[in-house]
Amino acid sequence: MAPARQQGLCLNPITYRSLTGPRLNTLESYGHSTGWRILGCSGSDIKVRNRPRSAMKTILARPSCVLRITYFLGGLGSIIVASYLSFSAEEFSPPIPTFLEKGHEAHLDYIVVSGDPLEKRFLIESIGGGLAVIDYNNDGWMDLYITNGGTIETTRSGQGSKYPGALYRNNHDGTFTDVTLPAGVANRYWGKGALAFDFNNDGWQDLYLVNYGPNILYRNNGDGTFTDVTAKAGVGDPRWSAAAAAADYDRDGNLDLLVVNYLDYDINHLPVEGKFCSYRGIPVACGPRGLKGAGDSLYHNNGDGTFTDVSEQAGVSDKEGYYGLAAAWGDFDNDGYPDLYVANDTTPNYLYRNNGNGTFTEIGAKAGVAYSEDGREQAGMGVDFEDYNNDGLLDLVVTNFSDDYNTLYRNTGKGFFVDVSTSSGIAEDSYRDLSWGTGFFDFNNDGFKDLFVANGHIFPQVDRYGFKISYRQQNKLYLNNGREGFVSVTGLAGPALQAMKSYRGAVFADFNNDGAIDVAVVALDDRPSLLMNRGVPGNHWILIKLVGTKSNRFGVGARVTVVTEGVTQTRELKAGGSFASCNDPRAHFGVGKSTVIQELLVRWPSGKVTTVKQAPVDQVLTIREGS
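Quick caveat: nothing in here was measured; it's all calculated off a predicted structure.

S.K.: Would you mind going over the overall build of the chain with me for this structure?
M.R.: Helix and strand content of the chain: 9 helices and 41 strands. For the chain, buried positions account for 61% of its 627 residues. For the chain, long-range pairs separated by at least 24 residues make up 61% of all intrachain contacts whose partners lie at least 6 apart in sequence. Carbon and sulfur atoms form 50% of the exposed surface of the chain, whose accessible area is close to 22200 Å².

And the structure:
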């Protein structure tokens, strides 16, 4: 029986994963194989005598359809691994980029500590944290801050500074240098996330550290050093904070700060037993169900170096006490005011619509983004708010727990979203993953935003049972096919995506300024991964750096539109998102074979509009508000 047709791809996702993932290589162990045979719809029988991944590339390159793919086992018979795969060469048109692991070569050797590496008996050890892209010295090369955790013992004894996190300066040659101590940004608490944003509009990105314990705001002094201004600023939220995101929600020219908090959690009285302390019948860390949520914080920037907590009056304090893990700002209704999405663990997600008067209205359920398509609460871990289908409307992706799917919500432009996770091709492929950091970026520079997802389970114990779920997992790359769908190319995008770790936060930046978006990912009890994108030859790009004058200095919240031959793309600049992380502050666009940008439009948070005509491609373009 033919599998159900999916948007732009008639290929059962499980079958596709088995053809492109690591399990495919295990077929080679059966005797002396004679390779693959592909029976086309025309009756032709194509022999493929090379390695499976190369065979898959041959399969994908052929037009028409395939009736049967058989793997011959050299005298031992054969295995029919797929049947009736109908697709066209046009549907598989997205070129596949290659990623190389360069973390060790780049000297990113910092081990992220997060409690007991073997058991993770408490949830604080399992959740992990993120990282932040920051150009702290304004040299045009993206630097990187990596959060570190701690242990139960060091936290109880007040020795949090033993794992201070790390600020790495980009050396412009593919390597980084640890400048944590001379820069003065060592963390004193159990780090959970990081945010780079220019809170005082002096043109230098500041650094906000999200912790279990008081958060820290470091002001960038502009000379390679930072000063702790937390007390003066009034943003030292003392709870278990999970993530932070900044936006100018009232459009006064100053970036405000949203802090998402997770649990009311006492390190000296940890839960060890109860109704919610097991997973599939095995004992694991307790929570979050059965524990008390911590509430969220919105700090209004007063423009004088201080903030005011307006969580209650603005209507975003999380009165329900849900378990917040991620947040992203984005103007989903195109009214010029940034709205706010909060992903909650095992509880409904929030969508706060900005009323334009300093208050918000929670419309998650009404807008169709609080639950899954069948009305279930999911376990939101990471989020991105971007326009993946080039219709000028911001869509949502939310990563979730294993035994569930990652959710893609398409913005209809009518005040609500539609769950298109299944029809887009990502639902089935994500079911066994426990997913965290995520982002919509054009990794192959073809003019359509692709999707990256970082994966890793929270319970090491799953490896001891036959659950077919592993603690260490692969990250996933989905290429946008330009027809409202995504194709998983994880097994074809280079060896860097084959490494299995318990990943958490992921950030996206062009670290070597070559126009291809790279990825940095942290993993529990391991070194971070730096996935350098080799790009796709012949495809062009543009990176746009904004300089606000009336708007905030880095143009956070600005809507950038790029028009090339037959394609119009939109990106909104953000500070915060993914999981506990923060991306490249510049707007990246792939433009395919186009050699010139016909029109580039910037709609600033102030309401001003800047237009640039006939801009050359393959450059970093700086645009100043009012120019």
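S.K.: What should I look at first to understand the state of the cysteines in this one?
M.R.: Joining two cysteines, a disulfide is a covalent bond between their sulfur atoms. With the rule as written, the count across this model stands at 1 disulfide. Disulfide partner of cysteine 277: cysteine 286, at an S-S distance of 2.0 Å. Between cysteine 277 and cysteine 286 the disulfide shows an S-S torsion of about 110°. By sign, it is right-handed. Residues cysteine 277 and cysteine 286 agree in their burial class; the two are buried.

S.K.: Honestly, unusual backbone geometry in this entry has me stumped. Any pointers?
M.R.: Glycine 287 connects to proline 288 through a cis peptide bond whose omega is 0°. You can see proline 288 is positioned in the loop between β17 (282-283) and β18 (297-301). In this structure, glutamine 614 takes a positive phi of about 50° despite not being glycine. For glutamine 614, the position within the fold is in strand β40 (residues 609-616). Even without being glycine, aspartate 618 reaches a positive phi, approximately 55°. You can see aspartate 618 is positioned in the loop between β40 and β41 (620-624).

S.K.: Honestly, the environment of tyrosine 323 in this entry has me stumped. Any pointers?
M.R.: Here tyrosine 323 shows up in the loop between α7 (311-314) and β20 (324-330). On the basis of relative accessibility, which here comes to 9%, the residue tyrosine 323 falls in the buried class. When the C-alpha atoms of tyrosine 323 and proline 348 are compared, they prove to be 9.2 Å apart, with 25 residues separating the residues in sequence. A distance of 2.7 Å separates a polar side-chain atom of tyrosine 323 from the backbone oxygen of leucine 291.

S.K.: Can you walk me through the environment of glycine 626 in this structure?
M.R.: Structurally, glycine 626 can be placed in the segment after β41. When its relative accessible area of 62% is taken as the criterion, glycine 626 is described as exposed. Sequence-wise, glycine 626 and lysine 608 are 18 residues apart; in three dimensions their C-alpha atoms are separated by 7.5 Å.

S.K.: How do you make sense of the sheet that holds β20 when you look at a structure like this?
M.R.: Pairing between the strands of a sheet comes from backbone hydrogen bonds, and it takes one of two forms, parallel or antiparallel. With respect to topology, 4 strands assemble into an open sheet ordered β20-β21-β22-β23, the strand pairing being antiparallel. Either end of the sheet is taken by a strand with one partner, and the two such strands are β20 and β23 (360-362). Taken over all neighbouring pairs, the strand axes of this sheet differ in orientation by 20° on average, direction set aside. Pairing analysis gives 3 bridges linking strand β22 (residues 350-354) to β23, with the strands arranged antiparallel. Within β23, the position partnered with arginine 353 by the bridge is threonine 361.

S.K.: Whenever I open this one, the nonpolar core confuses me. Can you help?
M.R.: Generally speaking, a soluble globular protein has its nonpolar side chains buried in company with each other. Residues Phe197, Tyr208 and Leu257 are the most contacted members of the largest nonpolar core, which totals 35 residues. Of all the secondary-structure elements, those providing two or more residues to this core are β6 (131-134), β10 (190-197), β11 (206-212), β12 (216-220), β14 (241-247) and β15 (256-261). Beyond its immediate stretch of four places on either side in the chain, tyrosine 208 contacts Gly193, Ala194, Leu195, Phe197, Asn215, Ile216, Leu217, Val235, Asp237, Ala244, Leu257 and Val259. Ranked by size, the runner-up nonpolar core spans 34 residues in total, among them Ala242, Ile282, Ala379 and Ala580.

S.K.: Mind showing me how you'd approach the sheet that holds strand β26 (residues 407-411) here?
M.R.: Strand order in the open sheet formed by 4 strands is β24-β25-β26-β27, with antiparallel pairing between adjacent strands. In this open sheet, the two edge strands, each paired with only one partner strand, are β24 (382-386) and β27 (417-419). Going across the sheet, the axis of each strand differs from the next one's by a mean of 20°, ignoring polarity. Strand direction decides the pairing type here: β26 and β27, joined by 3 bridges, are antiparallel. Bridging from a neighbouring strand, asparagine 411 pairs with phenylalanine 417 of β27.

S.K.: For this particular structure, what's the right way to read the pattern of salt bridges?
M.R.: Once the charged atoms of two side chains with opposite charge are near each other, the side chains can pair. Counted under the stated rule, the structure contains 18 salt bridges. For the salt bridge of glutamate 572 with arginine 559, the shortest nitrogen-to-oxygen distance reads 3.0 Å. Taken together, the residues glutamate 572 in strand β37 (residues 567-572) and arginine 559 in strand β36 (residues 559-564) connect sequence positions 13 residues apart. Both residues of the pair, glutamate 572 and arginine 559, count as buried.

S.K.: For this particular structure, what's the right way to read the pairing of β11?
M.R.: Residues in a regular strand project their side chains so that they alternate between the two faces of the sheet. With 7 of 7 residues buried, β11 is to be regarded as a mostly interior element. Side chains Asp206, Tyr208, Val210 and Tyr212 of β11 all project onto a buried face; the interleaved residues Leu207, Leu209 and Asn211 project onto the opposite face, where all are buried too. Sheet topology note: the β10/β11 ladder contains 7 bridges and is antiparallel. Looking at the pairing, tryptophan 190 lines up with tyrosine 212 of β11. As paired elements, β11 and β12 share 3 bridges and run antiparallel to each other. What sits directly across from leucine 209, in β12, is isoleucine 216. What sits between β11 and β12 in their antiparallel hairpin is a turn of 3 residues, with glycine 213 showing a positive phi close to 115°.

Here is what the cut-offs are and how they apply
- Residues numbered from 1 in each chain as written.
- Predicted model: local features only at pLDDT ≥ 70, side-chain atom pairs only at ≥ 80, totals over all residues.
- Heavy atoms only, no water.
- Helix = DSSP H or I, 4+ residues; strand = E, 2+ residues; numbered from the N terminus.
- Buried < 20%, exposed > 50% of the residue type's maximum accessible area, 1.4 Å probe, protein only.
- Contact = heavy atoms within 4.5 Å.
- Areas by Shrake-Rupley, 256 points an atom, 1.4 Å probe, with all protein chains shown as cover.
- Disulfide = S-S within 2.5 Å.
- Polar contact = N/O pair within 3.5 Å; in protein donor to acceptor, adjacent residues only side chain to side chain.
- Pairing = 2+ DSSP bridges.
- Axes fitted to C-alpha atoms, helices over the stretch in contact; angles between N-to-C directions.
- Core = buried A, V, L, I, M, F, W, Y, C linked by side-chain atoms within 4.5 Å.
- Salt bridge = Lys/Arg side-chain N within 4 Å of Asp/Glu carboxyl O.

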